[in-house]
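So you can see what is in the structure, the chains are spelled out below.
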Amino acid sequence: MSNDFLIRFSYVLLMGFGFPIMRYMSIHFETLNNNAVRFISGGLLFVFICVLKYRNELVKLLREPAIIFYLLLLAVFMTANMYFFINGLKYTSALAGSVFGIISMPLAVIMAAIFFRDEREKVKQKNFYIGSALAIIGSLVFVIYGNKSNTGNDFITGSLFLGTAIFIQSIQNLVVKKISKKLNAVVISAFTATLSGIFYLILAKNSGVIYQLQDVSFGLLIGLIFAGMYGMLTGMLLAFYIVQKQGIVVFNIIQLTVPLSTALISYVTLGETISVYQGFGAAIVIVGCVFSLRKKQQ
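Attention in this report is confined to the structure presented alongside it. (Residues numbered from 1 in each chain as written. Predicted model: local features only at pLDDT ≥ 70, side-chain atom pairs only at ≥ 80, totals over all residues. Heavy atoms only, no water.)

Moving on: the overall build of the protein chain. Regarding its fold elements, the protein chain presents 14 helices and zero strands. In the protein chain, the succession of α and β elements from N to C terminus is α-α-α-α-α-α-α-α-α-α-α-α-α-α. The burial tally for the protein chain puts 51% of its 298 residues in the buried class. Restricting to contacts in the protein chain with at least 6 residues of sequence separation, those with at least 24 account for 92%. Approximately 13900 Å² of the protein chain is accessible, and the part contributed by carbon and sulfur atoms is 70%. (Helix = DSSP H or I, 4+ residues; strand = E, 2+ residues; numbered from the N terminus. Buried < 20%, exposed > 50% of the residue type's maximum accessible area, 1.4 Å probe, protein only. Contact = heavy atoms within 4.5 Å. Areas by Shrake-Rupley, 256 points an atom, 1.4 Å probe, with all protein chains shown as cover.)

Listed below in structure tokens is the structure:
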């Protein structure tokens, strides 16, 4: 169980850095170029790892072609998800991007419970509902007081983008859960990231925006490549691993704590402020999440 806690903590902490990085890159790169470079760089890193350690997993793809269909489907969902998500970050803030997981939690949990028996068992517990309610209330307090100055058209537009991305992610995690019974999370990440990167590269080339990369400084482009590797390792691999090993319900509860980490990192790196009310909301979130997960950690 201590290993489960370490993975959860690592995901929350690393995603706290991930959102400001994505926010920064979304300002300096057009969305298609941004995602093309990030996904391809992260995907190639995963492919390299697969060739070294998971060659036997690749054989499964030849034996079960149906898995390839699900990987393609997952890549399509990931492509759509991140297109809307990065556009949403561009118009809002790093904090807003992380807190939109609040909206997705009820939908994601309901969908998981409908399709998977083990997820249904998790939501039958009373402490899950009490803890989740506390966490959602705390998160709402956190986001309301964190974004009270962002009420213009840009924020509304960005919110629509983020809301669409979160809805797609809820469906996407169902596909991840299904595939994870067959393949290692690293292999799933390798195919998903690489295929999504290729999709973005094709879209960027066909729309002509890919030529904008010629005007970007070499240092910033290298930064985007490393940001892609970091983002895929945290936002994709760790997320897929948690869904695979601990379930969709647990993953969505953990998501509610990401805004806390994001706010602290954003305060230091981007100057996004944290109010006393946000601190109060954060405390409620932590209590709620611990209460929701308490029985599963015994």
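Summed over all chains, the structure comprises one cavity of 30 Å³ or more. Taken as a whole, the largest cavity holds about 410 Å³ of empty space. In terms of lining residues, the largest cavity is bounded by 31 residues, among which Met15, Met22, Met82, Gln169 and Gly235 are the most central. Residue assignment for the lining of the largest cavity shows that the elements contributing at least two residues are α1 (2-28), α2 (31-53), α4 (65-91), α5 (94-99), α9 (153-179), α11 (218-245) and α12 (248-255). The leading source of residues in the lining of the largest cavity is α11, at nine residues. Here the lining of the largest cavity is composed, by residue class, of 18 nonpolar, twelve polar and one charged. (1 Å grid on protein atoms, 1.4 Å probe; cavity = no way out; pocket = protein on both sides within 12 Å on 5 of 7 lines; lining within 4 Å. Points joined across faces, edges and corners; volume = space filled by probe spheres on them. Nonpolar A, V, L, I, M, F, W, Y, C, P; charged D, E, K, R; others polar.)

Now for the environment of serine 207. Within the secondary structure, serine 207 is located in helix α10 (residues 185-207). Taking relative accessible area as the criterion, serine 207 reaches 43% and is therefore assigned partly exposed. Within the structure, serine 207 has its side chain in polar contact with the backbone oxygen of alanine 204 (distance 3.2 Å). (Polar contact = N/O pair within 3.5 Å; in protein donor to acceptor, adjacent residues only side chain to side chain.)

All right, on to the packing of α2 against α10 then. At a minimum axis distance of 7 Å, the contact between α2 and α10 shows a crossing angle of 150 degrees. It follows that α2 is roughly antiparallel to α10 by the angle criterion. As α2 packs across α10, the resulting crossing turns out to be left-handed. Here the residues of the contact of α2 with α10 sort into 18 nonpolar, nine polar and no charged. (Axes fitted to C-alpha atoms, helices over the stretch in contact; angles between N-to-C directions. Parallel < 35°, antiparallel > 145°, perpendicular 65-115°, else oblique. Left-handed = near helix turned anticlockwise from the far one by under 90°.)

A few words now on the environment of serine 196. Here serine 196 is to be found in helix α10. Assessed through its relative accessible area of 0%, serine 196 is described here as buried. Sequence separation between serine 196 and alanine 36 is 160 residues, and the spatial gap between their C-alpha atoms is 7.6 Å. For serine 196, the residues in contact, after removing those within four places along its chain, are Phe39, Ala75, Met78 and Thr79. There is a polar contact of 3.4 Å between the side chain of serine 196 and the side chain of threonine 79.

Before going further, it helps to examine the side chain of serine 41. As for its position among the elements, serine 41 is in helix α2. In this structure the side chain of serine 41 is engaged in a polar contact, spanning 2.8 Å, whose partner is the backbone oxygen of valine 37. Within the structure, serine 41 has its side chain in polar contact with the backbone oxygen of isoleucine 225 (distance 3.2 Å). When neighbours within four sequence positions are excluded, serine 41 is seen to be in contact with Ile225, Gly228 and Met229.

Moving on to a nonpolar patch on the surface. Where nonpolar side chains cluster on the molecular surface, the patch consists of Phe5, Phe9, Leu13 and Phe17 and spans about 400 Å² of accessible area. With respect to the secondary-structure elements, phenylalanine 17 resides in helix α1. (Patch = residues over 30% accessible without salt bridge, like charges linked within 9 Å, V, L, I, M, F, W, Y side chains within 5 Å. Salt bridge = Lys/Arg side-chain N within 4 Å of Asp/Glu carboxyl O.)

Don't take any of this as a statement about function, it's just geometry.
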